[in-house]
Amino acid sequence: MGNALVFVLICLDYRLHSPMYFFLCHLSIVDICYASNNVPHMLRNLLGQGRTISFAGCGTQIHLYLIFALTECVLLAAMSYDRYVAICHPLRYALIMNRRVCLTLAAVSWAFGFLFGTLQASLALHLPFCGPCEVDHFFCEILAVLKLACTDTTANKVLIFAVCVCFLLFPLALILISYLHILATILRIRSAAGWHKTFSTCGSHLVVVGLFYGNAIFMYMGPGSGNSSGREKVLSLFYSLVSPSLNPLIYSLRNKQVKEALLKLQRRKRVFHSV
């Protein structure tokens, strides 16, 4: 609901038609799709209203889960680059972050997510599985499904680790480098107003980055990843349900323009009902 509201606000308010909100709009779309893929079946499992899923349904869930997760990894790195250019090169911001660059970065995020998500899902689902095929998880998550394979899954786990390096560690390194440059620029700002504006702009993104990458690295690259099902369940619950729900709150509560757009939409709604 929160992500849908952010998406609508960005589409309706012309003041939010800037590169930062363009990427935030894509992040909202990813979170909506991500939650829609996992949460309904997860809730059915938790409520005990149907704990079965077809092989095709399980495969689709894994495939979409990987696509949206990997897309968000690249998208958050693109958002940090946007903040780097906005703060470190403000006079050239409009020139560097033009429409073509923004569309290219968004397209690359989705393309990489689709390509590598499809590759991982295809390799995992072509393994032979032994019965009883009971996934010890809230939904079809790739590590939980690999445990059911009747053959050696070392190659799949190596691929998952390699993808984690490319989609978690490498983008996170780029984000940290971007923010080191941003920090150096902030330290040269004299006015308190400039400090506040910069921190309010970057703070929300840093919180989302910390939640997303920290959780993902701990889940897929931490010691004993893939072995502790209890830990995986808790992390996946946070990863699939809590994190996407928190993102719109984090961005809207710390962003003056989003708040103003929301108030404007509410006034427009009151005027519409009074007519």
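Everything that follows concerns the structure shown earlier in this document.
Residues numbered from 1 in each chain as written. Predicted model: local features only at pLDDT ≥ 70, side-chain atom pairs only at ≥ 80, totals over all residues. Heavy atoms only, no water.

**Points about the packing of helix α3 (residues 55-88) against helix α7 (residues 154-186)**
Axis angle and axis distance: for two packed helices, these are the angle between their axes and the distance between the axes, and together they describe the pair.
For step 1, the next point in the chain: Packing of α3 against α7 leaves a shortest axis separation of 9 Å and a crossing angle of 15°. Judged by the inter-axis angle, α3 sits roughly parallel to α7. In this structure, α3 crosses over α7, and the sense of that crossing is left-handed. Two secondary-structure elements touch here, α3 through Leu-70, Cys-73, Val-74, Leu-76, Ala-77, Ser-80, Arg-83, Tyr-84, Ile-87 and Cys-88 and α7 through Val-163, Phe-167, Leu-168, Pro-171, Ile-175, Ser-178, Tyr-179, His-181, Ile-182 and Thr-185.
For step 2, the next point in the chain: The residue makeup of the contact of α3 with α7, split by class, is 15 nonpolar, four polar and one charged. (Axes fitted to C-alpha atoms, helices over the stretch in contact; angles between N-to-C directions. Helix = DSSP H or I, 4+ residues; strand = E, 2+ residues; numbered from the N terminus. Parallel < 35°, antiparallel > 145°, perpendicular 65-115°, else oblique. Left-handed = near helix turned anticlockwise from the far one by under 90°. Contact = heavy atoms within 4.5 Å. Nonpolar A, V, L, I, M, F, W, Y, C, P; charged D, E, K, R; others polar.)

**Considering the packing of aromatic side chains**
For step 1, the next point in the chain: Considering all chains together, one arrives at seven aromatic pairs under this definition.
For step 2, the next point in the chain: For the ring pair Tyr-34 and Tyr-65, a centre distance of 5.6 Å and an interplane angle of 25° mean the geometry is stacked. Of the two residues, Tyr-34 is situated in helix α2 (residues 19-47) and Tyr-65 in helix α3; the sequence distance between them amounts to 31 residues. When sorted by exposure, Tyr-34 lands in the same class as Tyr-65, which is buried.
For step 3, the next point in the chain: On the numbers, 6.2 Å between centres and 35° between planes, the contact of Tyr-81 with Tyr-84 is tilted. Here Tyr-84 and Tyr-81 lie together in helix α3, a separation of three residues that amounts to about one turn.
For step 4, the next point in the chain: Ring pairing ties together the aromatic residues Phe-112, Phe-116 and Phe-167, which thus form one cluster. (Phe/Tyr/Trp six-rings, centres within 6.5 Å; stacked < 30°, edge-to-face > 60°. Buried < 20%, exposed > 50% of the residue type's maximum accessible area, 1.4 Å probe, protein only.)

**A word on empty space enclosed by the protein**
For step 1, the next point in the chain: Applying the stated criterion to the full structure yields five cavities of 30 Å³ or more.
For step 2, the next point in the chain: Space inside the largest cavity adds up to approximately 150 Å³.
For step 3, the next point in the chain: Lining the largest cavity are 15 residues, and of these Leu-66, Leu-70, Gln-120, Cys-164 and Tyr-220 lie nearest its centre.
For step 4, the next point in the chain: Counting only elements with at least two residues in the lining of the largest cavity, the list comes to α3, α7 and α8 (192-220).
For step 5, the next point in the chain: For the lining of the largest cavity, a count of residues per class yields 14 nonpolar, one polar and no charged. (1 Å grid on protein atoms, 1.4 Å probe; cavity = no way out; pocket = protein on both sides within 12 Å on 5 of 7 lines; lining within 4 Å. Points joined across faces, edges and corners; volume = space filled by probe spheres on them.)

**Structural notes on the state of the cysteines**
For step 1, the next point in the chain: Counted under the stated rule, the structure contains one disulfide.
For step 2, the next point in the chain: There is a disulfide in this structure between Cys-58 and Cys-140, and the S-S distance comes to 2.1 Å. On the S-S bond that ties Cys-58 to Cys-140, the torsion sits near -120°, and the link is left-handed. Here Cys-58 is found in helix α3, whereas its partner Cys-140 is found in the loop between α5 (99-125) and α6 (142-146), with 82 residues between them in sequence.
For step 3, the next point in the chain: With relative accessibility at 9%, the residue Cys-58 sits in the buried group.
For step 4, the next point in the chain: Under the relative-accessibility criterion, Cys-140 is labelled buried at 2%.
For step 5, the next point in the chain: This cysteine, Cys-73, is not joined by any disulfide, and Cys-164 carries the nearest cysteine sulfur, 8.1 Å off.
For step 6, the next point in the chain: Judged by its relative accessible area of 7%, Cys-164 falls in the buried class. (Disulfide = S-S within 2.5 Å.)

**Here we look at the side chain of Asn-156**
For step 1, the next point in the chain: Its place among the elements puts Asn-156 in helix α7.
For step 2, the next point in the chain: Within polar-contact distance, the side chain of Asn-156 engages the backbone oxygen of Leu-123 at 3.5 Å. (Polar contact = N/O pair within 3.5 Å; in protein donor to acceptor, adjacent residues only side chain to side chain.)

**Considerations on the pattern of salt bridges**
For step 1, the next point in the chain: A complete count under the given rule lists one salt bridge for this structure.
For step 2, the next point in the chain: In this structure, Arg-83 and Asp-82 form a salt bridge, with 2.8 Å as the shortest nitrogen-oxygen distance. For the pair Arg-83 and Asp-82, one class covers both residues: buried. (Salt bridge = Lys/Arg side-chain N within 4 Å of Asp/Glu carboxyl O.)

**Side note on the packing of α5 against α7**
For step 1, the next point in the chain: Contact geometry for α5 and α7: axes closest at 10 Å, N-to-C directions at 165°. Considered as vectors, α5 and α7 are oriented roughly antiparallel to each other. As α5 runs across α7, the sense of the crossing is left-handed. Between α5, through Phe-112, Phe-116, Leu-119, Gln-120, Leu-123 and Ala-124, and α7, the contact on the second element is made entirely by Asn-156, Leu-159, Ile-160, Val-163 and Phe-167.

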